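Coordinate analysis (summary)
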Amino acid sequence: MSFVTLHEVGPRDGLQNEPGVISVAQRVALVRALADAGLRHIEVGSFVSPKWVPQMAQTDAVMAELAPGPEYAVLVPNMRGWDGFAAAQKHGGYAVAVFVAATEGFSRANLNCSVAESLERAAPVIAAAKAAGVSVRGYVSCVTDCPYEGQVAPAQVADVVARLFALGVGEVSLGETIGKGDPARVSAMLDAVMQVVPAEALAGHFHDTGGRALDNIAVSLEAGLRSFDAAAGGLGGCPYAPGAPGNVATEAVVAMLHEAGYETGVDAEKLALAADMARGLRGKGQ
Ligand code: HMG
Ligand code: MG
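About the criteria used
Residues numbered from 1 in each chain as written. Chains lettered and ligands numbered in written order. Predicted model: local features only at pLDDT ≥ 70, side-chain atom pairs only at ≥ 80, totals over all residues. Heavy atoms only, no water. Near = heavy atom within 4 Å. Polar contact = N/O pair within 3.5 Å; in protein donor to acceptor, adjacent residues only side chain to side chain. Areas by Shrake-Rupley, 256 points an atom, 1.4 Å probe, with all protein chains shown as cover. Helix = DSSP H or I, 4+ residues; strand = E, 2+ residues; numbered from the N terminus. Donors = N, O, S within 2.8 Å, 3.2 Å for Na, K, Ca; no water. Buried < 20%, exposed > 50% of the residue type's maximum accessible area, 1.4 Å probe, protein only. Salt bridge = Lys/Arg side-chain N within 4 Å of Asp/Glu carboxyl O.

With respect to spatial proximity, 25 residues lie near ligand 1, and among them Q16, R80, N112, S141 and T177 are the closest. Residue R80 places a side-chain N or O atom 2.3 Å away from an oxygen atom belonging to ligand 1. One nitrogen or oxygen atom from the side chain of S141 is found 2.6 Å from an oxygen atom belonging to ligand 1. Look at ligand 1: alone it shows 1,100 Å² of surface, and the protein chains cover 74% of it. Of all the elements in the fold, those that place two or more residues in the shell around ligand 1 are α1 (10-14), α4 (79-88), α5 (104-111) and β5 (135-141).

Here we come to the coordination of the magnesium ion (ligand 2). Bound to the magnesium ion (ligand 2) on the protein side are D13 (OD), H205 (NE2) and H207 (NE2), at distances that span 2.0 to 2.3 Å. Mapped onto the polypeptide sequence, the residues donating to the magnesium ion (ligand 2) form the spacing pattern D-x191-H-x1-H. Of this pair, D13 sits in helix α1 while H207 sits in the loop between β9 (202-206) and α9 (213-223), and the two are 194 residues apart along the sequence.

Next up on the list: the environment of G280. Relative to the helices and strands, G280 resides in helix α11 (residues 268-280). G280 sits in the partly exposed class, given a relative accessible area of 33%. Separated by 185 residues in the primary sequence, G280 and A95 place their C-alpha atoms 27 Å from one another.

Under the criterion given, the structure shown has 11 salt bridges. Among the ionic pairs, R12 bridges to D13, the shortest N-O distance being 3.5 Å. Owing to a relative accessible area of 4%, D13 belongs among the buried residues under this scheme. One salt bridge in this structure joins R279 and D276, with 2.8 Å as the shortest N-O distance.

In structure tokens:
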């Protein structure tokens, strides 16, 4: 029986897309419900500029409420973010994630710098995390498509993944950011990436905008990946288009994996409760 590791990203990737700011108490309640469902890796926020992403402000206050148990991850784009994270850390159960893009267009829009500059900013964060014994993950966005540059060549993705991996991250999460990839193009991308980084060090992060996320996970499993990101309730869709899919829903991924005979450690019934709670937060921000 093969085990698949799930990284729950709803409290970060889901709630960051909400039109309003969800309260700290509601964010904490969601994280606790997800932990109760058996999720062992939960992304709980970001130490980014609150002017850019106000929804993730007060991640330090969220962290302060979380008891040890699962590994709680936060996004950290630069040393300013690392300092915020380090000050907020109350126990050893946290991980950080740095994030870069395969394309210059998305890097500028998301991080206000080039891909090379984003890697330069990530390098000291990775070094600080390793020195502090904090595990560190790296995201590469736009692994098949970019909202600014269209389809992205697999070799270009492999190049950025290799540069990020060489900086020392434990795992690279491949971000299919806008949900336009299909299984054939995801496979081609994975073929190129797996020339430079082994499947054991890769995760799939699929948005479901085009309805292909589960198919893309299926081809990634075939390629040997055993780590995936997902958001309970499919949070992360466009708040102005009710029902529009966002991140692939954790409950759909768990159902597919269990059906196929994989273990996840997740209790599907408790996850359904957490997913209800997540969906209930939609449009509830201030
Ligand atoms: P910048 O404006 O280029 O940075 O932003 P700066 O160094 O010039 O600083 C500007 C201001 O931000 C200053 O404040 C800094 O102090 C402050 P001011 O003087 O104007 O008051 N600042 C910070 N504040 C808090 N925390 C920090 C920090 N750094 C600087 N860490 C910056 C650069 C990275 C900060 C900005 O571009 C930013 O915050 N971007 C947000 C990126 C983000 O969170 N995007 C969403 C997550 S990524 C994602 O969703 C993709 C993923 O899911 C995978 C996928 O789907 O592909 C992971
Ligand atoms: Mg994402």
